[in-house]
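Results of the structural survey
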Amino acid sequence: MVMHQRFEAKNVVAETQQKVFEKILMRMSVKGALQFFTAETGLGKTTGARLAMRRIWDEVDPSAHFLVLVPTRKDADIFWQEMEKLAPGQSAVWTQYHDPVEDVLADFKPSVRFTKFEAAKKKCLILTHNAGKAAEGWVGRRDAVLIDEYPQPVPSGVVHRWQFVKAEDEEQSTPYAKAARWAEERDTLGLSPTGFPAWVYEVLETAPKSEAAKAIKRLAEHMAQGTAFQRRFGKASVWRWYTYDLPFEEKAVVFSATAHLEGWHFDPAQGGTIERDPVKVNYQNMTAKYVPWPNGVSHYHDKIQDDPDQREALVAYVAEKVGTWNSGTLVVCPKPLKKDIARRLKGAKITHWGCDVGSNEYRDCDTVWLVSLFHKPSDVLFLQYLGHARQYATDETLEPGQNTQSSTIRELKRLHHATHVKQMAARGSCRNVDGDGLADQMELNCIFPDRDLFTELLPELFRGVKLVYEQGSEPATKGKTRTVVVKIADYLQRTNKDCVSAQDLKDADIKIKGTKPKAQIEERTDLWFSMGWSFERGRPGRYGKPTSFTRLS
């Protein structure tokens, strides 16, 4: 069976780019809540944005002014180069690398130079995400803001107990002495809102000199806004603050392959979901292989980093598994291990989790290795959730964060892992998509601590991907530690049948008893569809029909 024949005979890239044009026109006419264009990697979202601007100037409004925000300075430079090919002289790029006044050592040769004053005059102004945060005062009129893969819009910070003590010692002032006494009194409390004690007013009136005191004042600012909470870890307490900050929100469109996974849907203005473009990419040419985590190596990055023996063991294991490599090999690893792995695998391309998102730099790499996962503390994921949801820190809103195994925290972790597995795996050659929606061949190897996460996430993120397991690490269908969803997903990946009945699953020792597992199966229709299957619940009675999974053809 050739799965890609089920796609209509049309150019899905051109179709996507037409939709980008329509989305930008809509944004120009309708201001307000943040808008998104969420489509698969490789369908031409970024190219479509460039073509749309040229088309708007030619067909709709020659005077339209746009602001483009991209992840890195190099991305900004490349975007300007491509705009010059489409509409010479209409665009400018401003970063510290591109400003002739700035004395900054660049790690690439900028294609052009602009001061802020010169750049602001152009109809298309290209900035990085970071530069965009402080640009509202000088960029002038902009009819729409086009944002490529925006990172988390929830800045946050943490203050430790020792910083209260240090601020009191260094500032030698009453407000910071009161703050230190308050922190000492609350040192035994668990997750709870900070409230608004009297010392906050006094600290906000100060002009602190020390870094510790500046951190206390920043915390006080967020305590006054109701966006700070306290958490106790072991014998120490920490105080965290958060906010929501996205420039130009009322004019912006975020272009992303993973916006539906990044927490934006928690914003009440989004109605609980981020609409995704219906065009699907077929990843039948992609193979994803599970490689087990090395024995004796911790799952925690800080423990690996602090233990030279574990660090060396993991790096040696990665090198052994990669085996042979060349310039078409990409390894994605935790940031602390990047230099060690780069020294061991000279000639391969190495990046770390969370870096190069949206980049085309590795699109010729047909072998990609993902080492470990990108972990964030539960508290950080939770405060990002609160920020997206525009919620204050109260006893009620903090309740889901009381238990790190709560359904809310588990879902936040799943979304976080899904975002970064999708983004980093899609740096490789699978991001090259033809007009029929068929992705290029790519071999993805995942050295993950969690096999079930691999089994469940990969088919959801890459529709049509073939899952394989290193010999000896194949998941067994028996056992109660694996969810029924994971067991069924693994079975559907391996079976040659086109129709799978409940009896087939039972014969494979996958027993479905009770309403909870049945509900879990019904709730994951998106997963089954992404794997190339449809699910139909059975109907009882004389003219009934048994529950079954049917392969899409």
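Residues numbered from 1 in each chain as written. Predicted model: local features only at pLDDT ≥ 70, side-chain atom pairs only at ≥ 80, totals over all residues. Heavy atoms only, no water.

1. Details of the confidence of the model for the chain
Residues at a pLDDT of 70 or more form 96% of the chain, whose mean pLDDT is 90. Note that residues 1-9 has pLDDT below 50 and, in this model, 20 contacts with residues that lie over four places away or in other chains. (pLDDT = per-residue confidence, 0-100. Contact = heavy atoms within 4.5 Å.)

2. A word on the sheet that holds strand 1 (residues 35-38)
What the six strands build is an open sheet, ordered 1-10-5-2-4-3; its pairing is parallel. Every interior strand has two partners, whereas the edge strands, strand 1 and strand 3 (91-93), have only one. When the angles between neighbouring strand axes are averaged without regard to direction, this sheet yields 20°. Judged from the four bridges that link them, strand 1 and strand 10 (residues 252-256) form a sheet pairing that is parallel. Residue pairing for strand 10: Q35 is matched across the bridge by V253. Across the sheet, helix 3 (residues 73-86) lies against strand 2 (66-70), strand 3 and strand 4 (124-128), angled at about 165° from strand 3, the strand it touches most. (Pairing = 2+ DSSP bridges. Helix = DSSP H or I, 4+ residues; strand = E, 2+ residues; numbered from the N terminus. Axes fitted to C-alpha atoms, helices over the stretch in contact; angles between N-to-C directions.)

3. Describing the packing of aromatic side chains
Scanning the entire structure with this criterion turns up 20 aromatic pairs. With centroids separated by 6.1 Å and ring planes inclined at 45°, the aromatic side chains of F37 and F255 adopt a geometry described as tilted. Taken together, the residues span a long stretch of sequence, with F37 in strand 1 and F255 in strand 10 at a distance of 218 residues. The same class applies to F37 as to F255, namely buried. When the centroid spacing of 5.6 Å and the interplanar angle of 75° are considered together, the rings of F454 and Y469 count as edge-to-face. Taken as a pair, F454 in helix 16 (residues 451-461) and Y469 in strand 16 (residues 466-469) lie far apart in primary sequence, 15 residues in all. With respect to burial, F454 and Y469 carry one shared label: buried. Here the aromatic cluster, defined as three or more aromatic residues joined through ring pairs, consists of F164, W182, W199 and W239. (Phe/Tyr/Trp six-rings, centres within 6.5 Å; stacked < 30°, edge-to-face > 60°. Buried < 20%, exposed > 50% of the residue type's maximum accessible area, 1.4 Å probe, protein only.)

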